[in-house]
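# Results of the structural survey
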Amino acid sequence: VLPAFGQYAGPAILSRGDAPAAMEAPQIKFQPFLSVSASYSTGLSGVTVDSQGNLANASAYGAVISGGISGSHSWRHTHAGLDYHASYNLYSGAGNSVYNSFSQGLSFGLSHQVTRHIKFSLRETLGWFSFSNPNVGLTPTVPFDPSQSGIPTSDFYYTRTIYSTTQADLVIQKSTRLSFDLGGGLFINRYSSSALYGVTGEDATGDFQYRLSRRATVGANYSYTHYSFTGILSSSDLHGGSLTYALRISRTVEFSGYGGFMRAETKFIQNVPVDPNVAALLGITSTSALVHRINWVPSFSGRLSKTFARGVAYAAGGETVMPGNGLFLTSRTASVMGGYGYTGLRRWSLGVNCTYITALSIGNVNGGYGNISGSFSMSRSLGHSLSFVTSYIANQYRSPNFTGYNRLIYSASVGIGWSPGNVPLRIW
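Residues numbered from 1 in each chain as written. Predicted model: local features only at pLDDT ≥ 70, side-chain atom pairs only at ≥ 80, totals over all residues. Heavy atoms only, no water.

## Topic: the overall build of the chain
For the record, the criterion: A run of H or I in DSSP counts as a helix once it spans at least four residues, and a run of E counts as a strand once it spans at least two, with each numbered from the N terminus. Each radius of gyration is computed over the set of C-alpha atoms, and the globule rule expresses the reference value as 2.2 Å times the number of residues to the power 0.38. Think of it in three bands: residues with accessible area under 20% of the maximum for their type are buried, residues over 50% are exposed, and the middle band is partly exposed, with areas taken using a 1.4 Å probe on protein chains only. When checking whether two residues touch, look at their non-hydrogen atoms; a contact exists if any pair is within 4.5 Å.
A tally of regular secondary structure across the chain gives 2 helices and 18 strands. Taken over the C-alpha trace, the chain has a radius of gyration of 23 Å; the compact-globule value for 428 residues is 22 Å, and the two agree within 12%. By its C-alpha atoms, the chain is 85 × 55 × 30 Å across when sized along the principal axes. Taking all 428 residues of the chain together, the buried fraction comes to 49%. Residue pairs in contact within the chain that sit at least 24 positions apart in sequence constitute 60% of those at least 6 positions apart.

Okay, structure coming up:
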């Protein structure tokens, strides 16, 4: 008798954080890598200003030492996937050593068939970075979608950002058609600068899914999320409900999405002007007041994916409420992203990711902000486990309300990488 997940074999459910179902079939050998590259970076600025009162914005040549390991493995009742990257950036020039930084990121997914009808899954993303978080797109070795994990993607300053997201789900497969999911999670974002606001969040979800046919599944989802911020008295409570739909268009092409509404209840302290009579009596011009807001916002997301033997291409988009980026607190956030990662060529390996984000703060500061980011990485095998590697990352920050927020930063590198085996080096 096949286990329940073998009987289901339906399209992935995006609201559960699933990666495309076709990505679970191939087993990718664990492959370590190490690379040394020359680099050039702009936008090296912490939470500080220069002698003229403008945002610091240094540029420097440097070197990058990177390493990591990725792969997946399946047992009879268990599947695990891992992707780990670490790098150390050194910058040359007088005064630029203060921007030397160590970054790392871990994505780990585990699913275990507890009984014939019950499956447990665990998703973990953690790490820290200073320039830009590369761990936001679909990775062929990780069995979940990082974009559904709430990891930071729009941080403005060149300063250490520490993040951790843990999510667990228990799926009860009542029959080959009907399943239920109970899940919960905890995430933490912190910044090395005390001028930025960190956040701690908890969430709980529940849904049911019904498989209409071999290719289509429908359902409904409820979620609750709580944000609490450091450095400021502020919190948000989010209740969301949505309908879900997933369609397997072909053996390797899938669509999954959900749509509904979210009730965002936000509280924060704000300075307000006092009455002129009170000001004349007490000699003050403003005081603190508790602001309480309730916003109803749409909440939806969709993803179209094409899975290959050693890679995946995808396009996704949606709108929801996010905890901001350290400058802004709770925000309505819309995003569109796409990516392509492939190692099936004989000597070449390619990785491309693009993201567009626009957000409207509904917390401490009223205003809009966003960014357009893109990354490109490529490797070509030179033989004897060596490869030529190159990468480019760019981030255009944009705001219609805050002029100083508009700036372009980028980083480029070229070097030599090592990885054992005949598979082209994967550096993303």
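## Quick word on the environment of His292
Note on placement: His292 falls in strand E12 (residues 286-308). Owing to a relative accessible area of 46%, His292 belongs among the partly exposed residues under this scheme. Here His292 is in contact with Glu265, Thr266 and Lys267, once residues within four sequence places are set aside.

## Examining the packing of aromatic side chains
Definition in use: Two rings from Phe, Tyr or Trp (for Trp, the six-membered ring) form a pair when their centres sit within 6.5 Å of each other. Planes less than 30 degrees apart are called stacked, planes more than 60 degrees apart edge-to-face, and all others tilted. Look at NZ for Lys and CZ for Arg. If either is within 6 Å of the ring centre and within 35 degrees of the ring normal, a charge sits over the ring.
Summed over the entire model, instances satisfying the criterion amount to 18 aromatic pairs. Between Phe187 and Tyr227, the ring centres sit 5.8 Å apart and the planes meet at 75°, which makes this aromatic pair edge-to-face. Here Phe187 is found in strand E7 (residues 178-191), whereas its partner Tyr227 is found in strand E9 (residues 216-229), with 40 residues between them in sequence. With centroids separated by 6.0 Å and ring planes inclined at 75°, the aromatic side chains of Phe328 and Tyr405 adopt a geometry described as edge-to-face. One end of the pair, Phe328, is in the loop between strand E13 (311-322) and strand E14 (331-342); the other, Tyr405, is in the loop between strand E17 (386-398) and strand E18 (407-418), with 77 residues separating them in the sequence. One aromatic cluster is present, formed by Phe156, Tyr157, Phe328, Tyr369, Tyr397, Phe402 and Tyr405 through successive ring pairs. A cation sits over an aromatic face here: Arg407 above Phe156, 4.3 Å from the ring centre.

## Describing the pattern of salt bridges
Two side chains that carry opposite charge are able to pair once their charged atoms sit near each other. Stated formally: For salt bridges, the criterion is a side-chain nitrogen of Lys or Arg within 4 Å of an Asp or Glu carboxyl oxygen.
Counted under the stated rule, the structure contains 7 salt bridges. Between Asp145 and Arg303 there is a salt bridge, and its shortest N-O distance comes to 2.9 Å. Placement of Asp145 in the loop between strand E5 (118-129) and strand E6 (161-173) and of Arg303 in strand E12 is noted, with a sequence separation of 158 residues between them. Across the pair, Arg303 and Asp145 agree in class, each one buried. Here Arg263 ties to Glu265 by a salt bridge, and the two come within 3.3 Å at their closest N and O atoms. With a relative accessible area of 17%, Glu265 lands in the buried category.

## Quick word on the environment of Ser59
Considering the arrangement of structural elements, one finds Ser59 in strand E2 (residues 58-74). For Ser59, a relative accessible area of 37% puts it in the partly exposed group. In the structure, Ser59 is positioned 49 residues away from Gly10 in sequence and 49 Å away in space, judged by C-alpha atoms. Contacts of Ser59, omitting those with residues within four sequence positions, involve Tyr40, Ser41, Thr42, Leu44 and Asn96.

## A closer look at the nonpolar core
The following threshold applies: For our purposes a nonpolar core is just a set of buried Ala, Val, Leu, Ile, Met, Phe, Trp, Tyr and Cys residues, chained together by side-chain atoms within 4.5 Å.
Leu44, Tyr91, Tyr158 and Tyr405 are the most contacted members of the largest nonpolar core, which totals 16 residues. Not counting residues up to four positions away in its chain, the partners in contact with Tyr158 are Gly43, Leu44, Ser45, Gly46, Tyr91, Tyr99, Ser101, Ser130 and Phe131. Ranked by size, the runner-up nonpolar core spans 12 residues in total, among them Phe229, Met262, Leu329 and Ile362.

## Focus on the confidence of the model for the chain
Detail in the predicted coordinates should be disregarded across regions flagged by low pLDDT. Counted only if it meets this: A residue's pLDDT is simply how confident the predictor is in it, with values from 0 to 100.
For the chain, the mean per-residue pLDDT works out to 87, and 94% of the residues sit at or above 70. Every residue in residues 1-7 scores below 50 in pLDDT, and together they form 15 contacts with partners more than four places removed in sequence or on other chains.

## Points about the pairing of E2
Heads up, the condition is: Two strands qualify as a pair provided that DSSP identifies no fewer than 2 bridges between them.
In this sheet, E2 lies alongside strand E1 (residues 31-44) in antiparallel orientation, the contact comprising 12 bridges. Residue pairing in the sheet places Phe33 in a bridge with Gly68 of E2. As judged from the 13 bridges shared by E2 and strand E3 (residues 78-91), these two strands associate in the antiparallel manner. By the bridge assignment, Ser70 is partnered in E3 with Asp83. In textbook terms, the turn of a hairpin is the stretch between consecutive antiparallel strands, and for E2 and E3 this stretch comprises 3 residues.

## Section: a nonpolar patch on the surface
Under the convention used in this document: Grouping into patches uses exposed residues only, defined as over 30% relative accessible area, and leaves out salt-bridged ones; the cut-off is 9 Å for like charges and 5 Å for nonpolar side chains (Val, Leu, Ile, Met, Phe, Trp, Tyr). Using the Shrake-Rupley algorithm and a 1.4 Å probe, accessible areas are obtained, with residue cover drawn only from the displayed protein chains.
A cluster of nonpolar side chains, namely Leu34, Val36, Ile65, Tyr88, Leu90, Phe102, Leu382, Leu386, Phe388, Val414, Ile416 and Trp418, defines an oily patch on the protein surface of about 990 Å² accessible area. Mapped by element, the contributors of at least two residues to the nonpolar patch are E1, E3, E17 and E18. It is E18 that contributes the most residues to the nonpolar patch, 3 residues altogether. You can see Val36 is positioned in strand E1.

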